[in-house]
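Listed below, chain by chain, are the residues.
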Amino acid sequence: EAAAEAEARLLLQEARESIEAARSYRRELQQRLRGLQQAREQIKESATLTRDVLEQHFNDLKGTLRKLLDERLLSLLQEVDVIEQESIQPLDECQKLIEHGVSTADDLLREGESAVDGDVGQQNEKLCNFTKKALHIQLDSLPEVPSLVDVPCLSAQLDDCLLNVLKNQIFRHGTVASRPPVQLEEFVEKPGGILVRWCKVDEDFVPQDYRLQLRRGSATHFEDVYVGSETEFMVLHLDPHVDYQFRVCARGDGRQEWSPWSVPQSGRTTLVPHEWTTGLEGYSLSSRRNIALRNDSQSCGVLYSKAPTYFCGQTLTFRQVLIETVGQPDRRDSLGVCVEQHNGCDSLQRDRAVCISTNGAVFVNGKEMTNQLPAVTSGSTVTFDMEVVQLGPCSNEGGNFKLRVTISSNNREVVFDWVLDQCCGSLYFGCSFSYPGWKVLVF
């Protein structure tokens, strides 16, 4: 009985495992069915959209061609009218001259016949007057009438090769692509933004430029956010927890037209944007509070972030713009991160902070490292990357929390371990400058 009971339990367990496997198998099949349905819908929707685009484009072409042909016809007809008018005008003037001569000759004939047939007593006087009048009219002077070869003979020259050229161009105009040459590859969450990456999927396509667009949520129109040769772009000023749709296309080398758009994909960031804290007299902030400008106030101090929004595993980026300098850079000038705000300090070169000074020196807990980075100048980009490498007690180094820190500047970097006496889930960032003219963007 015990053996039978054990066998029954084993069979029951196997049956339950088979049932669970069947459920999992069914879920996988259903998921694949949904994938097939989405693929089918994408094909149908893209085919419908492509048909609409083709019909609209060729209808627009037909309307434009009809308009252009009508305009050209009108221009040629006007040219015919001008030539006809300019050519007939001298003929009309000559005709008026001849008709006037004919009328004069008729009058002279009547007067001459009357003189010849008149009374003998008056004949000599009439004949004398007629002769004088005939001599005055100059009966041997006749107006010049142009021959037919000397007057315009209008005709239209219409080259039939235009039809062949148009036919060849029309039959080569437009293509239908089954896949776009570039596709979106990755979305990386950033504070108040998304790093979007894309890649080329058509080996035969040689890209010259890329064009990235986005639209917010259910908006109807996409808008450009980047045009250039890079294959990634940091899209900033995005609201957290809001879906954005992205798409990308490319322009082939030496071409003017853009390729078809990639399949739109959704991305979002759950990270609040980095912001500088307001109210410090020595700094002016942008409307989004992600750009700080050291003004000409005599007040000194460290400008901190509004909140500890930097987390390990992220990349913190400072982009430096030096507008103008008043005085030499100070050794206390620095950019970095810290555990907490110390409003009484005039620099980040202190305990529980890591930073880089504007001359490239790196400070850890207030001590300068041997390794040094290039000086921070106008246009410099400084990045901080951190990861947790040790938790728990560490008596040899006097701390129980260790972070692996990488600071990069001008294509060089330093890597070191930062030992703290407590766990820090998030950190503040900050900057300090003694003289006005420094402008810092953080993201």
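All values reported here derive from a predicted model rather than from experimental measurement. (Residues numbered from 1 in each chain as written. Predicted model: local features only at pLDDT ≥ 70, side-chain atom pairs only at ≥ 80, totals over all residues. Heavy atoms only, no water.)

Thoughts on unusual backbone geometry
Thinking step 1. For His241, which is not a glycine, the phi torsion comes out positive at approximately 65°.
Thinking step 2. Take His241: it is sitting in the loop between β5 (232-235) and β6 (244-252).
Thinking step 3. In this structure, Asn410 takes a positive phi of about 50° despite not being glycine.
Thinking step 4. Take Asn410: it is sitting in the loop between β18 (399-409) and β19 (412-420). (Helix = DSSP H or I, 4+ residues; strand = E, 2+ residues; numbered from the N terminus.)

A few points about the pairing of strand β2 (residues 193-200)
Thinking step 1. Looking at chain direction, strand β1 (residues 182-190) and β2 are connected through 8 bridges and run antiparallel. Bridge pairing links Glu186 to Arg197 in β2.
Thinking step 2. Taking the residues between adjacent antiparallel strands as the criterion, β1 and β2 are bridged by 2 residues, where Gly192 takes a positive phi near 70°.
Thinking step 3. Sheet analysis places β2 next to β5, joined by 4 bridges and oriented antiparallel. When the sheet's bridge partners are listed, Leu195 is paired in β5 with Met234. (Pairing = 2+ DSSP bridges.)

Describing the nonpolar core
Thinking step 1. If you look at the biggest cluster of nonpolar residues, it comprises 36 residues, and the most contacted ones within it are Phe318, Met386, Phe416 and Trp418.
Thinking step 2. Phe205, Tyr244, Phe246 and Ala250 belong to the second-largest nonpolar core, a separate cluster that totals 17 residues. (Core = buried A, V, L, I, M, F, W, Y, C linked by side-chain atoms within 4.5 Å. Buried < 20%, exposed > 50% of the residue type's maximum accessible area, 1.4 Å probe, protein only.)

Overview of the layout of surface pockets
Thinking step 1. Roughly 2000 Å³ of volume is contained in the largest pocket.
Thinking step 2. In this structure, the largest pocket is lined by 43 residues; those nearest its centre are Thr50, Ala177, Ser259, Pro260 and Trp261.
Thinking step 3. Sorting elements by how many residues they give to the lining of the largest pocket places helix α1 (residues 2-116) first, with 14 residues.
Thinking step 4. Here the residues of the lining of the largest pocket are counted per class, giving 21 nonpolar, 13 polar and 9 charged.
Thinking step 5. Mapped onto the domain boundaries, the lining of the largest pocket takes at least three residues apiece from domain 1 (17-152) and domain 2 (182-269).
Thinking step 6. Within this model, the second largest pocket holds a volume of roughly 570 Å³.
Thinking step 7. Lining the second largest pocket are 18 residues; nearest its centre among them are Arg72, Leu76, Ala156, Gln157 and Leu158.
Thinking step 8. Listing elements by their share of the lining of the second largest pocket, those giving two or more residues are α1 and α3 (161-172).
Thinking step 9. The dominant element in the lining of the second largest pocket, judged by the number of residues it contributes, is α1, at 8 residues. (1 Å grid on protein atoms, 1.4 Å probe; cavity = no way out; pocket = protein on both sides within 12 Å on 5 of 7 lines; lining within 4 Å. Points joined across faces, edges and corners; volume = space filled by probe spheres on them. Nonpolar A, V, L, I, M, F, W, Y, C, P; charged D, E, K, R; others polar. Domains from an automatic or database assignment.)

What to know about the domain arrangement of the protein
Thinking step 1. Here the protein is partitioned into domain 1 (17-152), domain 2 (182-269) and domain 3 (283-442).
Thinking step 2. Computed from C-alpha coordinates alone, the two centres of domain 1 and domain 3 are separated by 77 Å.

Some remarks on the sheet that holds strand β3 (residues 207-216)
Thinking step 1. Across the sheet, which stays open at both edges, the 4 strands sit in the order β4-β3-β6-β7 with antiparallel pairing between neighbours. Across the chains shown, the open sheet's two edge strands, defined by having one partner strand only, are β4 (223-228) and β7 (265-267). Averaged over all pairs of adjacent strands, the angle between strand axes in this sheet comes to 30°, irrespective of strand direction.
Thinking step 2. Across 3 bridges, β6 lies against β7 in antiparallel orientation. (Axes fitted to C-alpha atoms, helices over the stretch in contact; angles between N-to-C directions.)

Points about the pairing of strand β21 (residues 438-442)
Thinking step 1. Within β21, 4 of the 5 residues are buried, leaving the element largely enclosed by the surrounding structure.
Thinking step 2. When strand β9 (residues 291-294) meets β21, the two strands line up antiparallel, connected through 3 bridges. Note that in β21 the partner of Ile291 across the bridge is Leu441.

Here's the deal with the UniProt feature "coiled-coil region" (unreviewed entry) in the protein
Thinking step 1. As recorded in UniProt, the sites labelled "coiled-coil region" (unreviewed entry) are residues 12-86.
Thinking step 2. The distance from the first to the last C-alpha atom of residues 12-86 is 109 Å, and the span holds 100% helix and 0% strand. (UniProt positions renumbered as here; feature names shortened; annotations may be inferred.)

A look at the side chain of Ser408
Thinking step 1. Tracing the backbone through its elements, the reader meets Ser408 in strand β18.
Thinking step 2. The exposure class of Ser408 is buried, given its relative accessible area of 19%.
Thinking step 3. For Ser408, the side chain forms a polar contact with the side chain of Glu413, separated by 3.4 Å. (Polar contact = N/O pair within 3.5 Å; in protein donor to acceptor, adjacent residues only side chain to side chain.)

Considering α3
Thinking step 1. A rise of 1.5 Å per residue sets the reference length of α3, with its 12 residues, at 16 Å; its end C-alpha atoms lie 17 Å apart and thus fit the reference within 8%.
Thinking step 2. Of the residues flanking the end of α3, it is Gly174, one or two places downstream, whose phi is positive at about 85°. (Expected span 1.5 Å × (residues − 1).)

Let's talk about α1
Thinking step 1. The end-to-end C-alpha separation of α1 is 167 Å, in line with the 171 Å expected for 115 residues at 1.5 Å each.
Thinking step 2. Along its length, α1 shows its largest kink, about 25°, at Ile88, and proline Pro90 lies within four residues downstream of that point.
Thinking step 3. Restricting attention to buried positions, one finds in α1 the residues Ser87, Cys94, Leu108, Gly112 and Ala115. (Bend = angle between axes of the 7 residues up to and from the residue.)

Brief notes about the pattern of salt bridges
Two side chains of opposite charge can pair, provided their charged atoms sit close to one another.
Thinking step 1. Tallied over the full model, the rule gives 20 salt bridges.
Thinking step 2. Put simply, Asp243 and Arg268 hold a salt bridge, and the shortest N to O gap is 2.9 Å. With a gap of 25 residues between them, Asp243 in the loop between β5 and β6 and Arg268 in the loop between β7 and β8 (283-285) connect regions that are remote in the sequence.
Thinking step 3. On the basis of relative accessible area, Asp243 is assigned to the partly exposed category, the value being 38%.
Thinking step 4. Where Asp346 meets Arg332, a salt bridge forms, and the shortest distance between an N and an O atom there is 2.8 Å. (Salt bridge = Lys/Arg side-chain N within 4 Å of Asp/Glu carboxyl O.)

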